[in-house]
Amino acid sequence: MNVRRCACVFFESRETASFDLAGLLAGGAGVARTRRWLALAPHLEQEIEVSEAEMTWLGRFSPQLWSMADAMPEDILSRLLETGLLVSDEPRFASQRAAEERHRALNWWPLAAVVHKASCWSGVDSVASMQRLGMDTVAGLLRTCGTPPPAVAERDGCGPDIPLQRPPADSLDTLLERRTTCRNFDPERGLEQALFARMLDRVFAAQGSVIAGEGIEFLKKHTPSGGGLHATEAYLLVQRVQGVPPGLYHYRPHEHALRPLPAPAMPLDDLARRALAGQWWFAQAPVLVIYAPRVARSYWKYRDHPKAYRALLMDVGHLSQTLCLSATDLGLGAFVTAAINEGELERAFGLAPLCDGPVAVGGFGWRAARQEIAEFDPVGKVWGCAGLEP
Ligand SMILES: Cc1cc2nc3c(=O)[nH]c(=O)nc-3n(C[C@H](O)[C@H](O)[C@H](O)COP(=O)(O)O)c2cc1C
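Definitions and limits used
- Residues numbered from 1 in each chain as written.
- Predicted model: local features only at pLDDT ≥ 70, side-chain atom pairs only at ≥ 80, totals over all residues.
- Heavy atoms only, no water.
- Pairing = 2+ DSSP bridges.
- Helix = DSSP H or I, 4+ residues; strand = E, 2+ residues; numbered from the N terminus.
- Buried < 20%, exposed > 50% of the residue type's maximum accessible area, 1.4 Å probe, protein only.
- Arc of directions from axis to C-beta.
- Contact = heavy atoms within 4.5 Å.
- Patch = residues over 30% accessible without salt bridge, like charges linked within 9 Å, V, L, I, M, F, W, Y side chains within 5 Å.
- Areas by Shrake-Rupley, 256 points an atom, 1.4 Å probe, with all protein chains shown as cover.
- Salt bridge = Lys/Arg side-chain N within 4 Å of Asp/Glu carboxyl O.
- Domains from an automatic or database assignment.
- Axes fitted to C-alpha atoms, helices over the stretch in contact; angles between N-to-C directions.
- UniProt positions renumbered as here; feature names shortened; annotations may be inferred.
- Core = buried A, V, L, I, M, F, W, Y, C linked by side-chain atoms within 4.5 Å.

Draft legend 1. How the structure looks around the pairing of strand S3 (residues 31-40). Two elements, strand S2 (residues 10-19) and S3, share ten bridges in a ladder whose sense is antiparallel. Counted as the bridge partner of Ala17 is Arg33 from S3.

Written out as structure tokens, the structure is:
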């Protein structure tokens, strides 16, 4: 049998602390600490606990060249093959090999792939977790985390500060001032189709395109994008837009059109709440936008590149700012969050985690008349009075 090691694997010596009654009674701290080696390989669904022998044996094989595994002890060989850490040409390990080769073909920079995979959630209720940890109030934050670093860095200057002018506000200043993360959507009011279409046109449509070479097309959009590749796709969860049936859609930037996708396995409002990790205040938005970078498009150029993942995340940030400002301009509320359950979204929209999985969710719609949950509006530009804390 020929084998090679998977293309991307890192090992972590993870320490776990647990209560140790015997240790406490013997005069110790009452905490037992144990360490174990975990293999973090993004092509695998889970991290794998490994022995030092398994780790050492795996490290002896090339990720590129096939070689014989004759010298490896049988139990270690079968464990490494079954887990998918070692890839073989044997038909019975074909599914492990296929998963590894799918990941290999995407050209991820290995450290970024590990971070991406390890930071994806499924079934997380971030609201309940924050409440459990007492981190959902300022008092709780202070108790748990202490005082934060100051709001602004204080540097020693090499001369006196130079005061700058503050010219009178123009229309862009006024727009920027009015942008405030919306956590109070009107749960009844639908969004007019014209406003919905205008938002998508401004934020996600291709305003032009250039065929730069055979099979190489560059889109022009209102937002900058690393390499001009515009790898981020917009998937939509539409709950209340006049004339658009509630459901899941993929936005098509050339045609400025919606492509309907199969209905999810659960009601839309359930999916919205779960996808947003329990953040019901965002789940009420009439439109949710799932920002899902297509890594193959970016890594076609930036293959195995240490900056490529950063650029993908920054692309999403830029799109989100365009969306927030466009919504503000139209009198709508908008938000973005990274506290999402990627797993639920991937299953609902048919996306593959390391291929075209989501990294953030935004949304927009009409604000409610009353502020039930805190928005950060200290100068009263949205709610007209001193706002609550963030
Ligand atoms: C990347 C990013 C992630 C965010 N995630 C959340 C979130 O999970 N939940 C939430 O309520 N607000 C979230 N926000 C909104 C921030 O809390 C908000 O921007 C901040 O409190 C400042 O308020 P403002 O946007 O109204 O100026 C996020 C904002 C950004 C840019």
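So much for the structure itself; the text now carries on.
Draft legend 2. Just helix H2 (residues 52-59), in detail. When we look at burial in H2, the residues that qualify are Glu54, Met55, Trp57 and Leu58. Projected down its long axis, H2 carries its buried residues within an arc of 165°, all on one side. Residues of H2 that are exposed and point more than 90 degrees away from the buried face comprise Glu52 and Gly59. The inward-facing, buried residues of H2 contact strand S1 (2-5), S2, S3, strand S4 (48-50), helix H3 (74-83) and strand S6 (86-88).

Draft legend 3. Summary view of a nonpolar patch on the surface. Side chains of Phe19, Leu21, Leu24 and Leu25 sit close together on the surface and give an oily, nonpolar patch of about 460 Å² of accessible area. In terms of residues, the nonpolar patch owes the most to one element, helix H1 (residues 21-25), which gives three residues. Within the element layout of this structure, Leu24 appears in helix H1.

Draft legend 4. Region of interest: helix H5 (residues 110-118). The set of residues buried in H5 consists of Ala112, Ala113, Val114, His116 and Lys117. Close packing links the buried residues of H5 with S2, S3, helix H4 (94-104), helix H13 (308-329) and helix H15 (353-356).

Draft legend 5. Quick look at the domain arrangement of the protein chain. In terms of domain boundaries, the protein chain breaks down into domain 1 (2-105) and domain 2 (171-365). Here the C-alpha centre of domain 2 lies 36 Å away from the C-alpha centre of domain 1.

Draft legend 6. Highlighting the pairing of strand S11 (residues 257-260). The pairing of strand S10 (residues 247-252) with S11 spans four bridges and is classified as antiparallel. Residue pairing across strands places His250 opposite Arg259, the latter belonging to S11. Here S10 folds back onto S11 in antiparallel fashion, the turn holding four residues, of which His256 has a positive phi close to 50°.

Draft legend 7. Highlighting the sheet that holds S2. Strand order in this open sheet of three strands is S2-S3-S4, and the pairing throughout is antiparallel. In this open sheet, the two edge strands, each paired with only one partner strand, are S2 and S4. On average, each strand axis in the sheet is inclined to that of its neighbour by 50°, with strand direction left out of account.

Draft legend 8. Region of the structure containing the UniProt feature "domain: Nitroreductase" (unreviewed entry) in the protein chain. UniProt feature "domain: Nitroreductase" (unreviewed entry): in the numbering of this structure it lies at residues 177-366. Along residues 177-366, the helical share is 34% and the strand share 24%, with 18 Å between the first and last C-alpha atoms.

Draft legend 9. The arrangement of the nonpolar core in detail. Formed by 30 residues in total, the largest nonpolar core has its most connected members in Phe196, Phe204 and Phe364. Broken down by secondary-structure element, the contributors of at least two residues to this core are helix H9 (193-204), strand S9 (232-238), S10, strand S12 (287-293), H13 and strand S14 (360-365). Broken down by element, this core gets its largest block of residues, six residues, from H9. In this structure, Leu268, Ala275, Leu276 and Phe349 belong to the second largest nonpolar core, which totals 26 residues.

Draft legend 10. Just the pattern of salt bridges, in detail. Scanning the model with the defined rule gives 19 salt bridges in all. One salt bridge connects Glu49 with Arg36, and the closest N-O pair in it is separated by 3.3 Å. In this pair, Glu49 sits in strand S4 while Arg36 sits in strand S3, placing the two residues 13 residues apart along the sequence. Classification of Glu49 by relative accessible area gives partly exposed; the value is 40%. Of the residues examined, Arg36 reaches a relative accessible area of 31% and is grouped as partly exposed. A salt bridge links Glu101 to Arg97, with the shortest nitrogen-to-oxygen separation between them at 2.9 Å. Taken together, the positions of Glu101 and Arg97, both in helix H4 and four residues apart, correspond to about one turn of that helix. Taken together, the shared-partner salt bridges in this structure form one network comprising Arg4, Arg97, Glu100, Glu101 and Arg104.

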